[in-house]
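Structural characterization, general
Listed below, chain by chain, are the residues.
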Amino acid sequence: ELKEIVFVIQSQSNSFHSKRAEDLKRDILKQAADLGKELPTVLLIHQMDGHEGAWTILPLMRDFSVTYGRNSSWIFFCEEDTRIQVVKLLETLGRFDGSKEWFLGKALHDEESTIIHHYAFAENPTVFKFPDFAAGWALSLPLVNKLAKKLRSEPLKSDFTIDLKHEIALYIWQKGEGPHLTPVPELCTDDVNFSHCATTFSNFLPLCGEPVKKEDVFVAVKTCQKFHGDRIPVVKQTWEREAALIEYYSDYADISIPTIDLGIPNTDRGHCGKTFAILERFLNRSSPRTPWLVIVDDDTLISIFRLRKLLSCYDPNEPVFLGERYGYGLGTGGYSYITGGGGMVFSRIAVQKLLASKCRCYSMDAPDDMVLGMCFSGLGIPITHSPLFHQARPMDYPKGYLSHQIPVSFHKHWNIDPVKVYFTWLAPNAEESLKGKKVGYNREDL
């Protein structure tokens, strides 16, 4: 029965995202009403509780077990842009015995072992399957009850959350004692064969009206003297031309680039002192009419052109802190943060609120992205996650995952040709001219 499915939308509190999640909730309930069925429960994660780590889902298992453990058969999770054919989904879940432990989804796997999964299954990374959240994924209630029981006796490790879909699959698998993900062909991310699909996903890159103007985005590149010779030329060859306002911040003033010496020595580890100096400078030295700041590393590859499209969906009058979300210690309080390598995007008002607070670096070489996450968490300003920003290289992500994205950024030059990666994945037109020559690369080659 439809009422035995609890729908959980992996929503966010930012106004753009919460509206999309509400629209999806309305659509699910309308389909149910049109079927003449008793309405199912539809939950939005960002409304569920004040727990900072609700988006990591596992901390909610006990609540799911207590509230729905008796009268429901399935918890079905989806993203705000997942499109659901309720009748098809009912049929699909009906093929599985809800009294057994099931973990269902569209399967992804690593092509090669990757840093974002701590090089798990290094011998053969293709063996471990994890769900593509965009297609929706489901847990049977017996499995939810089992996970809730385990969490009561063994609290979650207070550690990093880097790739939630992989980490949830690992937790459920329990080193081989729990269920593997069962791939379900009706859970889809493309709508080519929509007739057999219970779900589809069509959000490649949101656009909400005109892209924001070039002059509305100020780009700050963090660098240091030792990288002026190899990393900065890559920026100049690739995405610099897309930025109207760009400055390079270093520990040395090099007029040939040019870089600005912020008077802060370079540190080998985190760059908190440098980042806060950039935030101060943005507030005090840039035009107050410039609503957006992007801070990137000198080895970040980014499409400012696509970022301007994406930013059309956000209200610069809200405190927005946008990028790829990671978590630290979320099992025991902790906080979420935007991981720096993929690019950190701030609305001016977010920078104003941050600097008006007393929250600062506990040391000059503290990890800047984590300190920012801690500060914004303390201010009650939520992180806004976009999967289009990437802390790692294209080959560090499953092909099936990237296939339904138009990415905004990647990070690191390690063992790749960064210029080639930019023109393959990020250039406004994949056949951009490079030094007068037409170039077009095949993603499969990378």
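Calculation rules
- Residues numbered from 1 in each chain as written.
- Predicted model: local features only at pLDDT ≥ 70, side-chain atom pairs only at ≥ 80, totals over all residues.
- Heavy atoms only, no water.
- Helix = DSSP H or I, 4+ residues; strand = E, 2+ residues; numbered from the N terminus.
- Rg over C-alpha atoms; globule rule 2.2 N^0.38 Å.
- Buried < 20%, exposed > 50% of the residue type's maximum accessible area, 1.4 Å probe, protein only.
- Contact = heavy atoms within 4.5 Å.
- Lys, Arg positive; Asp, Glu negative; His and termini not counted.
- Charge placed at Lys NZ, Arg CZ, Asp CG, Glu CD.
- Domains from an automatic or database assignment.
- Buried area = accessible area lost by both parts, 1.4 Å probe.
- Salt bridge = Lys/Arg side-chain N within 4 Å of Asp/Glu carboxyl O.
- Polar contact = N/O pair within 3.5 Å; in protein donor to acceptor, adjacent residues only side chain to side chain.

**What about the overall build of the protein chain?**
For the protein chain, the helix and strand inventory stands at 13 helices and 24 strands. In terms of overall dimensions, the protein chain is globule-like: its C-alpha atoms have a radius of gyration of 22 Å, near the 22 Å expected for 446 residues. By principal-axis analysis of the C-alpha atoms, the protein chain measures approximately 70 × 50 × 45 Å. Relative to its 446 residues, the protein chain shows a buried fraction of 55%. Intrachain contacts of the protein chain at a sequence separation of at least 6 include 73% that bridge at least 24 residues. Computing the positive centroid from 50 side-chain charges and the negative centroid from 56, the protein chain places the two 2 Å apart.

**Thoughts on the domain arrangement of the protein chain**
The domains assigned to the protein chain are domain 1 (2-201) and domain 2 (214-435). Centre-to-centre, using C-alpha coordinates, domain 1 lies 30 Å away from domain 2. With 30 residues of domain 1 at the contact, the number on the domain 2 side is 33 residues. Summing both sides of the interface, domain 1 and domain 2 together bury roughly 2700 Å²; the carbon and sulfur share of this comes to 55%. Inspection of the region where domain 1 meets domain 2 yields zero salt bridges. If you look at where domain 1 meets domain 2, you find eight residue pairs in polar contact (both at pLDDT 80 or more).

**A few points about the environment of T339**
Tracing the backbone through its elements, the reader meets T339 in the loop between β19 (335-338) and β20 (344-347). Note: C-alpha distance between T339 and M370 (31 residues apart in sequence) is 7.6 Å. Beyond its immediate chain neighbours, meaning those up to four positions away, T339 contacts E324, Y326, M344, D369 and Q391. Side chain to side chain, T339 and Q391 meet in a polar contact 2.7 Å long.

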